[in-house]
Amino acid sequence: MAKHPSYLNGMKWIAALIPLSLVAGCFADETLRGHGAADKIWVLAEARDFTATPSITLTFPEQGRIVGQAPCNSYGTTMDVPYPWFETGPIAATKRACPELETEVAFFDALGSATLSEVFGNTLMLSDDDGMLMVFRSDG
């Protein structure tokens, strides 16, 4: 049996690791969450089409998920487009009524119509074709 030079044994390991590294790269979070929005509670600070209230929050607890609190109800949705794009799936919310239900509906409408996102430090901005829709801030 022919002996291979020792450096070829090392190359076998490298050749085996290359596909694994490519697969690992496929699981990187390219969404807003992976670009600075994770591990923070985002509180609504400004809104274009309704009065912003600090009772409205947005979080990204795991890849592909958005959850938060609206003025009356907790909600959740999906999002898996790459940053800086922003697109939610259908928004599911609890069904409590409250005096701020009109603001909640406006918030859900704005969240569903956002198409772009920007994260800079502790500020998150969601926009549509007409410009800024909502600005969120976090303490973290």
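Further up the page is the structure itself.
Described below are features of the structure shown in this document.

The rules we used
Residues numbered from 1 in each chain as written. Predicted model: local features only at pLDDT ≥ 70, side-chain atom pairs only at ≥ 80, totals over all residues. Heavy atoms only, no water. Phe/Tyr/Trp six-rings, centres within 6.5 Å; stacked < 30°, edge-to-face > 60°. Helix = DSSP H or I, 4+ residues; strand = E, 2+ residues; numbered from the N terminus. Buried < 20%, exposed > 50% of the residue type's maximum accessible area, 1.4 Å probe, protein only. Core = buried A, V, L, I, M, F, W, Y, C linked by side-chain atoms within 4.5 Å. Contact = heavy atoms within 4.5 Å. Pairing = 2+ DSSP bridges.

With respect to the packing of aromatic side chains
Applying the stated rule across the entire model yields three aromatic pairs. Judged by centre distance (5.6 Å) and plane angle (70°), the rings of Tyr-75 and Phe-107 are edge-to-face. Separated by 32 residues along the polypeptide, Tyr-75 in strand E4 (residues 74–78) and Phe-107 in helix H2 (residues 101–113) bring together distant segments of the chain. Phe-107 carries the same exposure label as Tyr-75, and that label is buried. Aromatic pair Tyr-75 and Phe-108: ring centres 5.4 Å apart, planes at 70°, arrangement edge-to-face. Remark: Phe-108 occurs in helix H2 and Tyr-75 occurs in strand E4; sequence separation between them is 33 residues. Relative accessible area serves as the criterion here: at 17%, Phe-108 is assigned to the buried category. Every member of this aromatic cluster is reached through a ring pair, and the members are Tyr-75, Phe-107 and Phe-108.

Some remarks on the nonpolar core
Residues Leu-58, Phe-60, Phe-107, Leu-124, Leu-126, Met-134 and Phe-136 are the most contacted members of the largest nonpolar core, which totals 26 residues. Every element with two or more residues in this core is listed here: strand E1 (42–47), H2, strand E7 (123–128) and strand E8 (131–137). The leading source of residues in this core is H2, at four residues. Beyond its immediate stretch of four places on either side in the chain, Phe-107 contacts Phe-50, Ile-56, Ala-70, Tyr-75, Met-134 and Phe-136.

Here we look at the sheet that holds strand E5 (residues 92–93)
The antiparallel open sheet is built from three strands, whose spatial order is E3-E4-E5. Edge positions in the sheet fall to strand E3 (65–69) and E5, since each of these pairs with one other strand and no more. In this sheet, E4 lies alongside E3 in antiparallel orientation, the contact comprising five bridges. From the neighbouring strand, Ile-66 faces E4, where its bridge partner is Thr-77.

Thoughts on the pairing of strand E6 (residues 116–120)
Only one face of E6 is covered, namely the one carrying Ser-117 and Val-119; the face carrying Leu-116, Glu-118 and Phe-120 has none of its residues buried. Where E6 and E7 come together, five bridges link them in antiparallel fashion. The partner of Ser-117 across the bridge, within E7, is Leu-126. Counted along the chain from E6 to the antiparallel partner E7, the turn is two residues long, and its residue Gly-121 has a positive phi close to 65°.

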